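What follows is the residue order along each chain.
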Amino acid sequence: MTTYSCHVDVAVALPLDQTYTYGVPESLASSVMPGKRVLVPMGRRRVTGYVLGETDCRGAYAVKRILDVLDPVPLFPPGMIPFFKWVSEYYMHPLGEVIQSALPGGLNVVDLVTVAATPEGLAAADVEFTHLSPLAREVMTRLRSGPIRLRDLAGRADRRVPAALIQDLEDRGWLCRERRLQGGATRLRMERFAAMGDQPAPPSLSRARREILSMIEARREMPVGELAGLVPTAPRLIRAMADQGLVRVYEKRMYRDPFGEPIPPDEPRVLNSEQAAVAAEVGAAIGKGFCPYLLAGVTGSGKTEVYLHLARKVIETGLSVLVLVPEIALISQMERRFRARFGDAVAVLHSGLSSGERYDQWLRILNREAAVVIGARSAVFAPLDNAGLIIVDEEHDTSYKQGADLLYNARDIAVVRAKLSAAVVVLGSATPSVHSCYNARIGKLKELRIRKRVESRPLAEITVVDLKKVQDARGARRYITPVLHDAMKAALGKNEQVLLFLNRRGFASFPVCSSCGNAIRCAHCDITLTYHRLAGVYRCHYCGYTRPVPSDCPACGPSHIKLLGLGTEKVEAAVTALFPGARVARMDRDTTTRKGSVVRILKSLRKGAVDVLVGTQMVAKGHDFPNITLVGVICADLSLSFPDFRAGERTFQLLAQVAGRAGRGDAPGRVILQTYTPDHFSIVAAAMQDYEAFYKVEIGFRRALAYPPVSRIIQFKISSVEQAAAREVAESLGGVCREIRGGEETYEKWVEILGPVEASIQRIAGRHRWQMLIKGRRVAPLRRFVRAVSAAAPALFRHSKVRVVIDVDPFFMS
Ligand code: ADP
Ligand code: ZN
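Here we summarise the structure given alongside this text. (Residues numbered from 1 in each chain as written. Chains lettered and ligands numbered in written order. Predicted model: local features only at pLDDT ≥ 70, side-chain atom pairs only at ≥ 80, totals over all residues. Heavy atoms only, no water.)

A few words now on the site of ligand 1. Taken together, 17 residues lie near ligand 1, and V270, Q275, K303, T304 and R337 sit nearest. R269 places a polar side-chain atom, nitrogen or oxygen, 3.2 Å from an oxygen atom of ligand 1. Contact between ligand 1 and T304: an oxygen atom at 2.7 Å from a side-chain N or O atom of the residue. Expressed as a share of its isolated accessible area of 560 Å², the protein-covered part of ligand 1 is 85%. In terms of residue count, helix α10 (residues 303-316) provides more of the shell around ligand 1 than any other element does, three residues in total. (Near = heavy atom within 4 Å. Polar contact = N/O pair within 3.5 Å; in protein donor to acceptor, adjacent residues only side chain to side chain. Areas by Shrake-Rupley, 256 points an atom, 1.4 Å probe, with all protein chains shown as cover. Helix = DSSP H or I, 4+ residues; strand = E, 2+ residues; numbered from the N terminus.)

Before going further, it helps to examine the pairing of strand β4 (residues 45-55). One ladder, built from six bridges, connects strand β1 (residues 6-12) with β4; its direction is antiparallel. Bridged to V12 within β4 is G49. Here strand β3 (residues 37-42) runs beside β4; their pairing, made up of six bridges, is antiparallel. Across the sheet, residue M42 finds its bridge partner in β4, namely R45. Linking β3 back to β4 in an antiparallel pair, the connection comprises two residues, with G43 at a positive phi of about 65°. (Pairing = 2+ DSSP bridges.)

This part takes up the environment of A759. Counting through the fold element by element, A759 comes out in strand β31 (residues 752-764). Between the C-alpha atom of A759 and that of R769, which follows or precedes it by ten residues, the distance is 5.6 Å.

With antiparallel pairing, the three strands of this open sheet are ordered in space as β22-β23-β24. Since the sheet does not close on itself, it has two edges, and those belong to β22 (530-532) and β24 (546-548), each with one partner. Going across the sheet, the axis of each strand differs from the next one's by a mean of 30°, ignoring polarity. Relative to β24, strand β23 (residues 537-539) is paired through three bridges, and the arrangement is antiparallel. Each residue of the ladder has a partner; that of Y538, found in β24, is R547. (Axes fitted to C-alpha atoms, helices over the stretch in contact; angles between N-to-C directions.)

This part takes up the coordination of the zinc ion (ligand 2). Distances from the zinc ion (ligand 2) to its protein donors, C522 (SG), C525 (SG), C540 (SG) and C543 (SG), fall within 2.2 to 2.3 Å. Each of the four donor atoms bound to the zinc ion (ligand 2) contributes to angles spanning 105 to 113°, and the resulting shape is tetrahedral. Positions of the donor residues of the zinc ion (ligand 2), expressed as sequence spacing, correspond to C-x2-C-x14-C-x2-C. (Donors = N, O, S within 2.8 Å, 3.2 Å for Na, K, Ca; no water. Tetrahedral: all angles 85-135°; square planar, octahedral: opposite > 155°, others 65-115°.)

For the coordinates displayed, the defined rule picks out 20 aromatic pairs. Here the aromatic rings of F645 and Y707 are separated by 4.5 Å at their centres, their planes lie at 10°, and the arrangement is stacked. Within this pair, whereas F645 is found in the loop between β28 (628-633) and α18 (647-659), its partner Y707 is found in the loop between α20 (691-705) and β30 (712-720), the two being separated by 62 residues in sequence. What makes F645 buried here is its relative accessible area of 16%. What links up through ring pairs into an aromatic cluster is the set F652, F681, Y691, F694, Y695 and F701. Directly above the aromatic system of F811 lies the positively charged group of R646, at a separation of 4.1 Å from the ring centroid. (Phe/Tyr/Trp six-rings, centres within 6.5 Å; stacked < 30°, edge-to-face > 60°. Buried < 20%, exposed > 50% of the residue type's maximum accessible area, 1.4 Å probe, protein only. Lys NZ or Arg CZ within 6 Å of the ring centre and 35° of its normal.)

Shown next, in the form of structure tokens:
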């Protein structure tokens, strides 16, 4: 048996539930470190793993060895390992995959097989060409031009060369396989710089050379590229001057700058008494261990200014700050304000960066070059090792929970991270989630409040318009009611800006055939298509399926399609029709697919180049535009019909947030809230901007039905392209769950099983969907139960045709 200098625990980035022990050979002993990636054998493959730490050699079986160490320095501070482990445990997700999704993309080395033809093979193939199978001919022909990755050998992504054929050709000695490591795509960007050399300039120097020298001298160092822009011959001259020792040329590591334009620095504002009280209380806790706060401050109350003051204090203590913001558009705003205060000390992390940029930011944080990190949900994994303060802004926002594979809630794990780092955490919102508010009331969070807007600006005045009363109105008048129309006229007349909010994009969400009355539906989902006028298509908002326009009615052939239902495009058209002179812009997912488009729209709004902005919930969130004095909510009810127990909460938050966009400058704001259900408590509470009233009713419902935050839920999401298979697995899983529950008293007492039932949208993207909820007041037995279920029926979780996903604390249960 091989002897190793030590053994380490490694998590591989594969869906495996355990970590593995590997031996460290003498030659690698000094370079293996927690937080580094290593190459390890796993079956017949070589895979990337993450070193977690040293471990005892378990058992007497032959331990395999680490093949290579892939990183010169650890990619995350070892202090984060307990956090990764916590996330992996809580969300029941393999540790290696947790770490992989935490790291910026482009870092994973892929083990790729390359195939090359031997000279004998090429010669033999020529001779026997006519006897070869068509595929063998093709393979040998393609290999003529050099080695090819096995993956690319078939020439088309949807085709594979059978392993048997490769084996056969290899056995004949015609080709050989080679395992070659392909590095990640990300590379450091280096730039050449010139600085003064050690030789004095001779008096005979040419003018161009003299000019270059004086520029370098003035700036101490200059990028050669920049010099070339000023003096076209500079690269050549500099090379010559370097030989003479007049200048020194060297390469420097450049951080790709994610920031668009220069930001003028600003000075801290003097906090008002409410802000100061909050800053004093939180400030006093910094550096003294874990302390969680909920900061509930009305819209425009100056929460961000408080964050800035706290950040200064943290930085002065020598610690760093992590700020989470729910989406990219808001990051740019937060980033501006932090950059204005802290300049280069700010790093940002979000999906809008290229992988190279993200990698650079990652390294800056890791190297402690950034004292402030601002980012979207995944930045909760930023590689800080000395966080003193974690801020989760707009903590109620549901995008903290969205995600593809690892379904974590960034807000929740931010609190955990703070706890594990002995840091202070502040969850801030004007409309706190019911979850956080409940936690504050039961003492898990300390509640702080800012009740007044900055400079005692009044909250906007809200007028509720009952849409049932304007039902006979036609065309645009039906959703831009006279009250809203008049208010728009008044605002635009004073050169003020108007925001119109509708939580649905497209032109018409309910296209129906005028002869048979059938709606135009998606071919792959149980949902109607939305008509998009600009794109000229009917589109599915769940899977992206489109039908061209014009389309026949699927039931009765050529027919007139009536465009019922409303979307932002229709509102935009209505505004243009009613106010021909107004400059109208629209912000929703359709207008913001291109990188930077959100920022562009927001910039033109800031500059005053837009009079009316129409948008979806993208415009409802935290933006600060002082010249918006009127907000029109076109139809407040859309989010209420969502089949989710949080529908009322989401509606309240959206309405209160969008109302908060009005009147943030010197002119007072006004909100016109149009609704079919003016008596719904979420809408009444939003109209009164009365969070307490809303919370009281809502928590009553949650208690009565034992829904979160009073209880916890773990959801099984079951889906398959085959209807019968989905049902079968769902029902078997239900059977297993009930059996296990029946077998233990604790489960009978603490675990409730709801379902399985078909999901409310029964099919999305061709997959038939079922779900089952496991609910209980205590999380520990719940999680133990789910583990018991997955251990008892592993086959159901690894079914070839059915996907079963475990979602802990699910959102969007549709
Ligand atoms: P919030 O984050 O609560 O929505 P902001 O921090 O964006 O509020 O503050 C709203 C506006 O008031 C901003 O333009 C901000 O610069 C300004 N502001 C904040 N605090 C003060 C203060 N103490 N004095 C003057 N202006 C302030
Ligand atoms: Zn679809």
